[in-house]
Amino acid sequence: MRLRRAGLILLLLLPGLGLILVLIGSVIVMAFGQSVGYFALTGESGFSWEHWREQLDGRLLWRSFQYSAYIATTSSILSVLLAYPIAMWLRRPFRGSLFAGALLKAPLLVPGLVAAFLFINVISFHGFFNELMVWLGIIDRPIRMQNDRNGYGVIFLQVWKNMPFALLLLTGSVQAISDDVLNAARDMGAGSIARFRKVILPLTVPAMQAALVIIFIGAAGDFSFQAVAGPTQVNSMAQLMVRLKGEFGGYHEAGVVAVLLMALALFGSVALAGLTRFAVRAGMKV
Amino acid sequence: MLRVDDVTKTFEDGFRALKGVSLNAGRGDFVTLLGPSGCGKTTLLKVVAGFLTPTEGTVSIDGADVTREPPERRDTAMCFQSYALFPHMTVAQNIEFGPRQNRVAKDERLARLNALLTQVDLEAHQHKLPNALSGGQQQRVALARALAMRPGIVLFDEPLSNLDAKLRDQVRIEIRALQREHGFTAIYVTHDQAEALAMSDHVLVMREGAVEQEGAPEEIYTAPRTSFVADFIGAANLLTGTVLGEDGQGRWQVQTEMGTVKVASDEPPVAPSVHVSWRPEDAVLANGSANGSGTGENLIQAPIVARVYQGSFTEYVLDAPERPAVSLRVHATQFGAREGETLAFHVPPDRLRFLEQVAS
Ligand SMILES: Nc1ncnc2c1ncn2[C@@H]1O[C@H](COP(=O)(O)OP(=O)(O)O)[C@@H](O)[C@H]1O
Ligand SMILES: [Mg+2]
């Protein structure tokens, strides 16, 4: 009887939970399986740690891993740092605030690749910016800015594309704090910095964490910005996957990178969310 | 202690919420701002707290002009209508917020916290978050949080409006007790006239951004100067009168909707045509009133339209003898008379009051 009941519950949960498990699980199982030698499209399938050993020993993978982690962390933090003051500014409606808000969120509508090409047009060696500066006589000859070694171009694009998203989340969260609560803090001697640190920041932590995590995961898996505007001497994880598979037909090697990319997304976002919480707590104490 | 001088506040949209309001409160006074919703009570409180800067006029505390000082630099603490507790801090952290912000030494801070927790009976709840508390408890946290700063002036914005009737009485008594104990000056906003009469040393009746009348509660109640005040505070019979003449001893003959009556007043009427009021409980039933006979000054005989038993008294609604469209109300402790009968009663001349001029 109990067994039948349990079976019924399982059956009822299956359509919802089952779908989620299949969708997420299949990706993970596939990637991991491929990384240890299964699901071979060419040659024979069979268990082996060979591809892991090979990849982990190479420098290529670790450089990509570090690079993607760096781009993702910097982009997500910069986006949120930039979004906060704007969200505060838009907290109370004023003449033109609706328009300003809409304008600031416009990048959400522009596909990333389009933005990347536009950006390249502006900063390339014979691009708009260099031509203008030379024409104005500010510089003698064009400066090399495209595909810079530190990935600043990619970070710029990531922030340009993701800041509006952080803004969207933070504006809602900041607006939910009542004037009375902020006035009460003021009344008790809290200046604008203390109000931000002790009231606004702690009350917007969930929104900030959500923004950080989602931007981090997106930027960690970036392919298009990196392909168009990224440094040429290092690959992002996604780029490396495509390269390993494309150039060498290495599905198993790509699988290893895929598993590591997922690990980066998971542990990176957990670490970021945890650190945020910790930092805000510490900020309240000071 | 607190002086508000001729304050005007015009909002950005051009709305004038305060039109030359003045207020004086001495140390330890309990001053109430009473008026209907939208008359500018909160605006005035925010001007005193420093959340709003007046368009004209000044605010001074202890002789120092603070009109342009920010709230964090004024010796005031506000108790918000919405409580405005910090939702992410425990009860204790909420109460300690002000002292911490003002760098009060730890020993002193803890001493204040513990004393206040005892006073508002929240020791058992000090580690809870505000949303785990009932409305009355949240109100007490707000109170304790304001008092923890040892302010000279506490501003209350309708603190009881979110509480049920029974709790309201309890918190009302608590606020007065705390005020006596701490000796702060209280500026108390309410739209409830009973609350204002029960709690205050001094009442300012506000109307459309201006002070209509101010004085001790008894004075406001017994000697209203306008129909607005008479009607807003307690129940009142409002009549329009034409002054016929004076007998030389402060008694005026006045023709009203309930007949020609004598009005005994120290002050002459402001115009030949004035509003006149009297309280329903000031009527004295004439002997044998049920059948409509009786003698004496200002004897009125009027048909009873409705009779409402209220427990401690009975309210009779009557048609005014000279103009039945105007209703009169009489509160009596005898309740023999019925609808359709005639009620005979006196209104002592000194209970009739001259109000403002009748607008032509
Ligand atoms: N920021 C504002 N801008 C424009 N009008 C306002 C503003 N704040 C309040 N008012 C108006 O001022 C009047 C008085 O408001 P308030 O002081 O809150 O009244 P009360 O507290 O007596 O109910 C109201 O008519 C209200 O609509
Ligand atoms: Mg109000």
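What counts, and where the lines are drawn
- Residues numbered from 1 in each chain as written.
- Chains lettered and ligands numbered in written order.
- Predicted model: local features only at pLDDT ≥ 70, side-chain atom pairs only at ≥ 80, totals over all residues.
- Heavy atoms only, no water.
- Contact = heavy atoms within 4.5 Å.
- Buried area = accessible area lost by both parts, 1.4 Å probe.
- Salt bridge = Lys/Arg side-chain N within 4 Å of Asp/Glu carboxyl O.
- Polar contact = N/O pair within 3.5 Å; in protein donor to acceptor, adjacent residues only side chain to side chain.
- Helix = DSSP H or I, 4+ residues; strand = E, 2+ residues; numbered from the N terminus.
- Nonpolar A, V, L, I, M, F, W, Y, C, P; charged D, E, K, R; others polar.
- Domains from an automatic or database assignment.
- Pairing = 2+ DSSP bridges.
- Axes fitted to C-alpha atoms, helices over the stretch in contact; angles between N-to-C directions.
- Parallel < 35°, antiparallel > 145°, perpendicular 65-115°, else oblique.
- Left-handed = near helix turned anticlockwise from the far one by under 90°.
- Near = heavy atom within 4 Å.
- Areas by Shrake-Rupley, 256 points an atom, 1.4 Å probe, with all protein chains shown as cover.
- Phe/Tyr/Trp six-rings, centres within 6.5 Å; stacked < 30°, edge-to-face > 60°.
- Buried < 20%, exposed > 50% of the residue type's maximum accessible area, 1.4 Å probe, protein only.
- Lys NZ or Arg CZ within 6 Å of the ring centre and 35° of its normal.
- Lys, Arg positive; Asp, Glu negative; His and termini not counted.
- Right-handed = clockwise from strand over helix to strand, strands pointing away.

Undergrad: Any chance you could break down the interface of chain A and chain B for me, citing the residues and the numbers?
TA: Accessible area lost upon the coming together of the parts serves often as the stated size of an interface. Tallying the contact residues gives 17 residues for chain A and 22 residues for chain B. Considering only the surface of chain A that becomes buried against chain B, Arg186, Asp187 and Met188 of chain A emerge as the three largest contributors, covering 40% of it. On the surface where chain A and chain B come into contact, there are one salt bridge. The residue glutamate 72 of chain B makes a salt bridge to arginine 186 of chain A at a minimum N-O spacing of 3.4 Å. Our count for the contact surface shared by chain A and chain B stands at five residue pairs in polar contact (both at pLDDT 80 or more). Among the elements of the structure, α8 (179-187) and α9 (192-220) of chain A are those that each provide at least two residues to the side of chain A that touches chain B. When residues of the side of chain A that touches chain B are assigned to their parent elements, the largest contribution, seven residues, is made by α8 of chain A. Counted by class, the side of chain A that touches chain B contains ten nonpolar, three polar and four charged residues.

Undergrad: Outline the domain arrangement of chain B, supporting the account with residue identities and numerical values.
TA: The domains assigned to chain B are domain 1 (2-222) and domain 2 (235-360). Distance between the C-alpha centres of domain 1 of chain B and domain 2 of chain B: 40 Å.

Undergrad: Pulling in residues and values, what's your account of the sheet that holds strand β14 (residues 273-278) of chain B?
TA: Residue and element names in this part refer to chain B. One open sheet holds the five strands; their spatial order is β13-β12-β11-β14-β20, and the pairing between them is antiparallel. Edge positions in the sheet fall to β13 (259-264) and β20 (353-357), since each has one partner strand and no second. With strand direction ignored, the average angle separating the axes of adjacent strands in the sheet is 45°. As defined by bridge partners, strand β12 (residues 251-256) adjoins β13 across six bridges and the pair is classed as antiparallel. Bridge pairing in β13 links tryptophan 252 to valine 263.

Undergrad: Give a description of the packing of helix α2 (residues 50-57) of chain A against helix α12 (residues 251-285) of chain A that names residues and reports values.
TA: Residues and elements named next belong to chain A. Look at α2 against α12: their axes get within 9 Å of each other, and the N-to-C directions meet at 70°. Judged by the inter-axis angle, α2 sits roughly perpendicular to α12. Where α2 crosses over α12, the two elements pack in a sense that is right-handed. For the pair α2 and α12, contact is made by His51, Trp52, Glu54, Gln55 and Leu56 and by His252, Glu253, Val256, Val259 and Leu260, respectively.

Undergrad: Could you give an account of the environment of alanine 146 of chain B, naming the residues involved and the relevant values?
TA: Residue and element names in this part refer to chain B. Tracing the backbone shows alanine 146 in helix α4 (residues 135-147). Once the C-alpha coordinates of alanine 146 and arginine 307 are considered, the two residues, 161 residues apart in sequence, prove to be 47 Å apart. With residues up to four places along the chain from it excluded, the contact list for alanine 146 reads Ala77, Met78, Cys79 and Pro151.

Undergrad: Quick one: what's the story with the site of ligand 1, residue by residue and with numbers?
TA: Residues and elements named next belong to chain B. The local shell around ligand 1 consists of Phe11, Asp13, Phe15, Ala17, Pro36, Ser37, Gly38, Cys39, Gly40, Lys41, Thr42 and Thr43. Glycine 40 is positioned such that a nitrogen or oxygen atom in its backbone is 3.1 Å from an oxygen atom of ligand 1. The side chain of threonine 42 places a nitrogen or oxygen atom 2.6 Å from an oxygen atom of ligand 1. Notes on ligand 1: free accessible area 570 Å², of which the protein chains cover 63%. Here the shell around ligand 1 gets three residues from one element, more than from any other, and that element is helix α1 (residues 41-49). Here the shell around ligand 1 is built from residues that sort into five nonpolar, five polar and two charged.

Undergrad: Please provide a residue-by-residue account of the packing of aromatic side chains, values included.
TA: This model, assessed by the stated rule, comprises 16 aromatic pairs over all chains. Centre to centre, the rings of tryptophan 278 of chain B and phenylalanine 345 of chain B are 5.9 Å apart; their planes meet at 35°, and the pair counts as tilted. Here the residue tryptophan 278 of chain B occupies a position in strand β14, and phenylalanine 345 of chain B occupies one in strand β19 (residues 342-346), the gap between them amounting to 67 residues. Classification of tryptophan 278 of chain B as buried rests on a relative accessible area of 1%. Here a set of aromatic residues connected by ring pairs shows up, and it is made of Phe32, Tyr38, Phe47 and Trp49 of chain A. Of note, lysine 198 of chain A hangs over the ring of phenylalanine 97 of chain B, and the distance from its end group to the ring centre comes to 6.0 Å. Above the ring of tyrosine 221 of chain B, the side-chain terminus of arginine 279 of chain B is found at 4.1 Å from the ring centroid.

Undergrad: Before we move on, can you summarise the side chain of arginine 279 of chain B with the specific residues and values?
TA: Residues and elements named next belong to chain B. Mapping arginine 279 onto the fold places it in the loop between β14 and β15 (284-285). Although buried, arginine 279 forms no salt bridge, and the nearest oppositely charged side chain, glutamate 281, lies 5.2 Å from it. Separated by 3.2 Å, the side chain of arginine 279 and the backbone oxygen of alanine 230 make a polar contact. At 2.9 Å, the side chain of arginine 279 and the backbone oxygen of alanine 235 are in polar contact. In contact with arginine 279, other than residues within four places in its own chain, are Ile220, Tyr221, Pro224, Ala230, Ile233, Gly234, Ala235, Ala236 and Asn237.

Undergrad: Lay out the pairing of strand β8 (residues 185-190) of chain B in plain terms, naming residues and giving numbers.
TA: Residues and elements named next belong to chain B. Counting buried positions over the six residues of β8 gives six, a clear majority of the element. Alternating positions in β8 separate into two faces, Thr185, Ile187 and Val189 on one and Ala186, Tyr188 and Thr190 on the other, with burial throughout. In terms of strand pairing, strand β3 (residues 30-34) meets β8 through five bridges, oriented parallel. What sits directly across from threonine 32, in β8, is tyrosine 188. Where strand β7 (residues 153-157) and β8 come together, five bridges link them in parallel fashion. Within the sheet, the bridge partner assigned to leucine 155 lies in β8 and is isoleucine 187. Handedness of the crossover joining β7 and β8 through helix α5 (residues 165-182) is recorded here as right-handed.

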